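What the coordinates show
Listed below, chain by chain, are the residues.
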Amino acid sequence: MSDILSIDTKNWDENFLNQVLPKNVVQNILAIDLRQHTTTKDTIFWPHSSKGTLTVKSVYAHLIRDKAIQNGHPPLPPPNPIWKRIWSLDVLPRIRVFVWKCYSGILPVSSKIGRWVTTVDKTCIMCGFPSETDAHTLFRCPFSHAVWFGIHCRVDTNTANVQEWIESWITNTQPSLFSGVQWNQLYALTSWYIWKARCLKCFQQQQQTPAVTIHQIENHFQLRKTNPSELSFNGTPTLAQLDQIQIMIQVPKLTMKCFSSWHVHPHTAIVINVLTDERGKTKGRWACLCAVSSLQQSAAVGVIEAMKWHQHHNLRICNIEMDDSKLMKILKTKWSLPQQATHVALFEHNVELFSYFRKLNCNSLRQDWKTTIQSMAKDYAPSTGDGGAYFSMFDCNMYVPNNASHSFLGS
């Protein structure tokens, strides 16, 4: 640059430019007036960094690159953009570190530790699977499967590894079903809580159900919405804060929507119950696989489980919506139909359950809800009976009203 500048005029050296460049190019260069920039001081610029500043990291990268070229090796590939996505996630710093560990393949699961410590049991502590890998823990274990199902997230259990799975959602910044929460935030937080539940069982021998894990996730986002500063850098919410949030999200009326999908061979059914509030907002889902001989019998299983859930939480008024008109008639007439019906026999074994309720409201399930729950059944569809047993045992994602009483739903 010094050859084409004049020190005296502090502008372009027109004579030199005319000697080496075409006239039209010279005219374009002279149109740039350098005198307006003479008030600023010159600065030193390091060409091997994007910001022009000299850092130890940029010098090291430059030396490594030069050495590789001198030795005849191809240049290093550009940095993986996923790392930047991970560190820019809008979640707690500890969750970002957790996602980084998952993507780096250094999550301390039993199968990895067992390579070096032969006395470590490599089986999954949550379900007893022979090899506890990071992929199994996060999205293949029946426990994590139940949590993902209850939190309304689709997870492909056939994904090859955790790295590919994280890449599938880390760039998804679209709004999730939680108000003000992006999908990548939801996936990161849910994975972290699944890992926390696993560690709780491993180190403190405390079995946490999927329902509890799901409520922790919901409370986390609710607390973030009501008091963001509490979840900025100060850790997880306290028990007192979680209790306050549970009180805030109570609803005065609950309805259980029951749906079943029966298969003639091998006589199995997927039974799904969806819990909603008076605004139609989903508060939880329950699902199980069961062996039945008819569609009516599978529907009866869903109704009985719905009633048991209400009884467990001391709710004396039960609102149920279902797709089976014959079953509705049985409920409204105190099951006084022919005794040879298999679903009637199921009800007869639960007479005390029916007598518990002060009021039992039965209505038809709307078509839009049928379609919605059918899609849930496709999402659930576990490949083994173990997944269904886990759902059935742990109630999946049923809403737990705080301080529920006999009068919780009104008269």
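1. Things to note about the overall build of the protein chain
- A count of helices and strands for the protein chain gives 18 helices and seven strands.
- In the protein chain, which comprises 411 residues, the proportion classed as buried is 43%.
- A separation threshold of at least 6 residues defines the contact pool for the protein chain, and within that pool the share at least 24 residues apart is 60%.

2. Quick notes on a nonpolar patch on the surface
- Together, Val-20, Leu-21 and Val-25 make up an exposed nonpolar region whose accessible area comes to about 200 Å².
- Position of Val-20 relative to the elements: it lies in helix 1 (residues 14-20).
- Judged by its relative accessible area of 49%, Val-20 falls in the partly exposed class.

3. Examining the packing of aromatic side chains
- Summed over all chains, the structure comprises eleven aromatic pairs.
- Seen in terms of ring centroids, Trp-83 and Tyr-103 are 5.0 Å apart; in terms of plane orientation they differ by 85 degrees. Their pairing is edge-to-face. Here Trp-83, found in helix 4 (residues 81-87), pairs with Tyr-103, found in helix 5 (residues 93-104); they are 20 residues apart in sequence, far enough to count as distant.
- Seen from the ring of Trp-192, Lys-196 lies directly overhead, with NZ or CZ sitting 4.8 Å from the centre.

4. Concerning the environment of Asp-134
- Inspection of the secondary structure assignment puts Asp-134 in helix 7 (residues 134-140).
- Taking the relative accessible area as the measure of exposure, Asp-134 reaches 13% and is therefore buried.
- Sequence-wise, Asp-134 and Gly-105 are 29 residues apart; in three dimensions their C-alpha atoms are separated by 7.9 Å.
- Once residues lying within four places of it in the same chain are set aside, the contact partners of Asp-134 are Leu-107, Val-109, Lys-112 and Val-162.

5. Describing helix 3 (residues 56-70)
- A rise of 1.5 Å per residue sets the reference length of helix 3, with its 15 residues, at 21 Å; its end C-alpha atoms lie 21 Å apart and thus fit the reference within 8%.
- Of the positions making up helix 3, those classed as buried are Ser-58, His-62 and Ala-68. Down the axis, helix 3 shows its buried residues gathered within 130 degrees of arc, on one side only. Set apart from the buried face of helix 3 by more than 90 degrees, the exposed residues are Val-56, Tyr-60, Leu-63, Lys-67 and Gln-70.
- Positive phi shows up at Gly-72, right after helix 3, with a value of about 80 degrees.

6. A few points about the pairing of strand 6 (residues 317-322)
- The buried count for strand 6 comes to six of six residues, which makes it a mostly enclosed element.
- Of the two faces of strand 6, both are covered, the one formed by Ile-317, Asn-319 and Glu-321 as well as the one formed by Cys-318, Ile-320 and Met-322.
- Judged from the six bridges that link them, strand 6 and strand 7 (residues 359-364) form a sheet pairing that is parallel. Each bridged residue has a counterpart across the sheet, and for Asn-319 the counterpart in strand 7 is Asn-361.

7. What to know about the pattern of salt bridges
- Applying the stated rule across the entire model yields four salt bridges.
- For Arg-366, the salt bridge goes to Asp-368, with nearest N and O atoms at 2.6 Å.
- Judged by relative accessible area, which is 48%, Arg-366 ranks as partly exposed.

8. Focus on the nonpolar core
- Formed by 44 residues in total, the largest nonpolar core has its most connected members in Val-99, Trp-165, Ile-166 and Leu-186.
- No other element matches helix 10 (residues 183-204), which puts eleven residues into this core.
- Those residues within four positions of Leu-186 in sequence are excluded, and the remaining contacts are Ile-151, Cys-153, Ser-176, Phe-178, Val-181, Ile-217 and Phe-221.
- Judged by nonpolar contacts, the second largest core, of 24 residues, contains Ala-306, Met-322, Leu-353 and Phe-354.

9. Quick word on the environment of Met-322
- Position of Met-322 among the secondary structure elements: in strand 6.
- Sequence spacing of Met-322 and Phe-259 is 63 residues, and the spatial spacing of their C-alpha atoms is 6.3 Å.
- For Met-322, the contacting residues outside a window of four places in its chain are Cys-258, Val-303, Leu-327, Met-328, Leu-331, Cys-362, Asn-363, Ser-364 and Leu-365.

10. Some remarks on the packing of helix 5 against helix 10
- For the pair helix 5 and helix 10, the least separation of the axes is 10 Å and the interaxial angle reads 80 degrees. In terms of axis orientation, helix 5 runs roughly perpendicular to helix 10. On the side of helix 5, the interface is formed by Arg-94, Ile-95, Phe-98 and Val-99, while helix 10 contributes Ala-188, Leu-189, Ser-191, Trp-192 and Trp-195.
- Each residue belonging to the contact of helix 5 with helix 10 can be placed in one class, and the counts come to seven nonpolar, one polar and one charged.

11. Some remarks on the pairing of strand 4 (residues 268-277)
- Judged by how many residues are buried, strand 4 sits mostly within the fold: nine of ten residues are covered.
- Adjacent in sequence and paired antiparallel, strand 4 and strand 5 (residues 282-291) are bridged by four residues, among which Gly-280 carries a positive phi angle near 85 degrees.

12. Things to note about unusual backbone geometry
- With phi around 55 degrees, Gln-205 is a residue other than glycine that occupies positive phi space.
- Locating Gln-205 in the fold gives a position in the loop between helix 10 and helix 11 (210-226).
- Overall, Gln-205 belongs to the exposed group, its relative accessible area being 61%.

13. Details of the confidence of the model for the protein chain
- Summary statistics for the protein chain give a mean pLDDT of 75 and a share of 74% for residues scoring 70 or more.
- Of all helices and strands in the protein chain, the one with the weakest mean pLDDT is helix 18 (residues 385-394) (37), whereas helix 5 scores best (94).
- A low-confidence stretch, residues 229-239 stays under pLDDT 50, and its non-local contacts, those more than four residues away or across chains, total 23 contacts.
- Between residues 241-252, whose pLDDT stays under 50, and residues either more than four places distant or in other chains, the model counts 29 contacts.

14. As for the state of the cysteines
- Per the counting criterion, the structure on display carries zero disulfides.
- Cys-127 takes part in no disulfide bond, and the closest cysteine sulfur, belonging to Cys-124, lies 3.7 Å away.

Rules used throughout
Residues numbered from 1 in each chain as written. Predicted model: local features only at pLDDT ≥ 70, side-chain atom pairs only at ≥ 80, totals over all residues. Heavy atoms only, no water. Helix = DSSP H or I, 4+ residues; strand = E, 2+ residues; numbered from the N terminus. Buried < 20%, exposed > 50% of the residue type's maximum accessible area, 1.4 Å probe, protein only. Contact = heavy atoms within 4.5 Å. Patch = residues over 30% accessible without salt bridge, like charges linked within 9 Å, V, L, I, M, F, W, Y side chains within 5 Å. Areas by Shrake-Rupley, 256 points an atom, 1.4 Å probe, with all protein chains shown as cover. Salt bridge = Lys/Arg side-chain N within 4 Å of Asp/Glu carboxyl O. Phe/Tyr/Trp six-rings, centres within 6.5 Å; stacked < 30°, edge-to-face > 60°. Lys NZ or Arg CZ within 6 Å of the ring centre and 35° of its normal. Expected span 1.5 Å × (residues − 1). Arc of directions from axis to C-beta. Pairing = 2+ DSSP bridges. Core = buried A, V, L, I, M, F, W, Y, C linked by side-chain atoms within 4.5 Å. Axes fitted to C-alpha atoms, helices over the stretch in contact; angles between N-to-C directions. Parallel < 35°, antiparallel > 145°, perpendicular 65-115°, else oblique. Nonpolar A, V, L, I, M, F, W, Y, C, P; charged D, E, K, R; others polar. pLDDT = per-residue confidence, 0-100. Disulfide = S-S within 2.5 Å.

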